[in-house]
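Structure assessment
Listed below, chain by chain, are the residues.
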Amino acid sequence: MNRINPEKLLQSKWTAVTPRNRERHFIVTRVIRDDQDEHVVEVVLQAVLTHRDHVLGWHELKQDDVWQMGWK
(Lines give C-alpha, C1' and ligand atoms only; values in the text may rest on other atoms or scores of the structure.)
Protein backbone atom coordinates (compact mmCIF):
# COMPACT_ATOMS: atom_id res chain seq x y z
CA MET A 1 0.00 0.00 0.00
CA ASN A 2 1.33 3.43 -0.98
CA ARG A 3 1.81 5.81 1.95
CA ILE A 4 0.53 9.25 1.01
CA ASN A 5 0.50 12.59 2.78
CA PRO A 6 -2.67 14.30 1.46
CA GLU A 7 -1.10 17.73 2.01
CA LYS A 8 1.64 16.94 -0.53
CA LEU A 9 -0.56 15.55 -3.32
CA LEU A 10 -0.66 18.65 -5.52
CA GLN A 11 1.78 18.31 -8.47
CA SER A 12 2.71 14.76 -7.44
CA LYS A 13 3.41 12.26 -10.23
CA TRP A 14 1.78 8.84 -10.64
CA THR A 15 2.09 5.86 -12.97
CA ALA A 16 -0.86 3.63 -13.80
CA VAL A 17 0.07 -0.04 -13.42
CA THR A 18 -2.34 -0.96 -16.23
CA PRO A 19 -2.51 1.88 -18.78
CA ARG A 20 -5.75 2.63 -20.57
CA ASN A 21 -5.92 4.57 -23.85
CA ARG A 22 -2.10 4.82 -23.79
CA GLU A 23 -2.42 6.93 -20.63
CA ARG A 24 0.25 5.75 -18.21
CA HIS A 25 1.76 8.84 -16.59
CA PHE A 26 -0.31 11.32 -14.59
CA ILE A 27 0.17 14.44 -12.51
CA VAL A 28 -2.15 15.72 -9.78
CA THR A 29 -3.37 19.12 -11.02
CA ARG A 30 -6.03 19.82 -8.39
CA VAL A 31 -6.88 18.74 -4.86
CA ILE A 32 -10.57 18.89 -3.89
CA ARG A 33 -11.38 19.39 -0.22
CA ASP A 34 -14.57 18.96 1.84
CA ASP A 35 -16.98 21.80 2.68
CA GLN A 36 -14.99 22.87 5.74
CA ASP A 37 -11.81 22.92 3.63
CA GLU A 38 -10.15 20.59 6.15
CA HIS A 39 -9.85 17.17 4.52
CA VAL A 40 -8.84 16.11 1.02
CA VAL A 41 -11.73 14.28 -0.67
CA GLU A 42 -10.72 13.88 -4.32
CA VAL A 43 -7.89 14.66 -6.70
CA VAL A 44 -7.82 15.55 -10.39
CA LEU A 45 -5.22 13.55 -12.29
CA GLN A 46 -4.18 14.80 -15.71
CA ALA A 47 -2.74 12.37 -18.23
CA VAL A 48 0.62 13.64 -19.47
CA LEU A 49 0.16 12.29 -23.00
CA THR A 50 -3.44 13.31 -23.71
CA HIS A 51 -4.03 16.07 -21.12
CA ARG A 52 -7.35 14.46 -20.17
CA ASP A 53 -8.52 14.91 -16.59
CA HIS A 54 -9.66 12.08 -14.33
CA VAL A 55 -11.30 12.69 -10.95
CA LEU A 56 -10.93 10.05 -8.27
CA GLY A 57 -10.93 9.69 -4.51
CA TRP A 58 -7.43 10.31 -3.17
CA HIS A 59 -7.51 7.04 -1.20
CA GLU A 60 -7.54 5.16 -4.52
CA LEU A 61 -3.92 6.23 -5.02
CA LYS A 62 -2.99 4.05 -2.03
CA GLN A 63 -3.71 0.90 -4.07
CA ASP A 64 -0.23 -0.13 -5.21
CA ASP A 65 -1.67 -2.73 -7.57
CA VAL A 66 -3.30 0.15 -9.52
CA TRP A 67 -0.99 3.16 -8.95
CA GLN A 68 2.73 3.63 -8.42
CA MET A 69 4.27 6.81 -7.04
CA GLY A 70 6.43 8.71 -9.52
CA TRP A 71 6.91 8.05 -13.22
CA LYS A 72 8.30 4.64 -14.05
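Everything here concerns the structure above.
Now for a description of the structure that goes with this document. (Residues numbered from 1 in each chain as written. Predicted model: local features only at pLDDT ≥ 70, side-chain atom pairs only at ≥ 80, totals over all residues. Heavy atoms only, no water.)

This part takes up the overall build of the chain. A tally of helices and strands in the chain yields zero helices and five strands. Moving toward the C terminus, one meets the helices and strands of the chain in the order β-β-β-β-β. A compact globule built from 72 residues should have a C-alpha radius of gyration of about 11 Å, and the chain, at 12 Å, falls within 12% of that. Principal-axis analysis of the C-alpha atoms gives the chain an extent of 35 × 25 × 15 Å. For the chain, the residues scored as buried account for 29% of the 72 residues in total. Taking all contacts inside the chain whose residues are at least 6 apart in sequence as the whole, residues at least 24 apart take part in 41%. Total accessible area computed for the chain in this model is approximately 5,000 Å², and 48% of it derives from carbon and sulfur atoms. Distance from the positive charge centre (11 side chains) to the negative charge centre (11 side chains) of the chain: 10 Å. (Helix = DSSP H or I, 4+ residues; strand = E, 2+ residues; numbered from the N terminus. Rg over C-alpha atoms; globule rule 2.2 N^0.38 Å. Buried < 20%, exposed > 50% of the residue type's maximum accessible area, 1.4 Å probe, protein only. Contact = heavy atoms within 4.5 Å. Areas by Shrake-Rupley, 256 points an atom, 1.4 Å probe, with all protein chains shown as cover. Lys, Arg positive; Asp, Glu negative; His and termini not counted. Charge placed at Lys NZ, Arg CZ, Asp CG, Glu CD.)

Okay, unusual backbone geometry next. Even without a glycine there, the phi angle at Gln 11 is positive, about 70 degrees. Considering the arrangement of structural elements, one finds Gln 11 in the segment before β1 (13–20).

Our focus in this paragraph is the environment of Asp 65. Mapped onto the fold, Asp 65 is located in the loop between β4 (53–57) and β5 (67–69). Asp 65 gets classed as exposed once you look at its relative accessible area, which sits at 57%. With 41 residues separating them along the chain, Asp 65 and Arg 24 place their C-alpha atoms 14 Å apart.

Under the counting rule described, the total for this entry stands at one aromatic pair. Ring centres 5.3 Å apart and planes at 80 degrees place the aromatic pair Phe 26 and Trp 67 in the edge-to-face group. Residue Phe 26 is located in strand β2 (residues 23–33), and its partner Trp 67 is located in strand β5; the two are separated by 41 residues in the primary sequence. Each member of the pair Phe 26 and Trp 67 is classed as buried. A cation sits over an aromatic face here: Lys 13 above Trp 71, 5.2 Å from the ring centre. (Phe/Tyr/Trp six-rings, centres within 6.5 Å; stacked < 30°, edge-to-face > 60°. Lys NZ or Arg CZ within 6 Å of the ring centre and 35° of its normal.)

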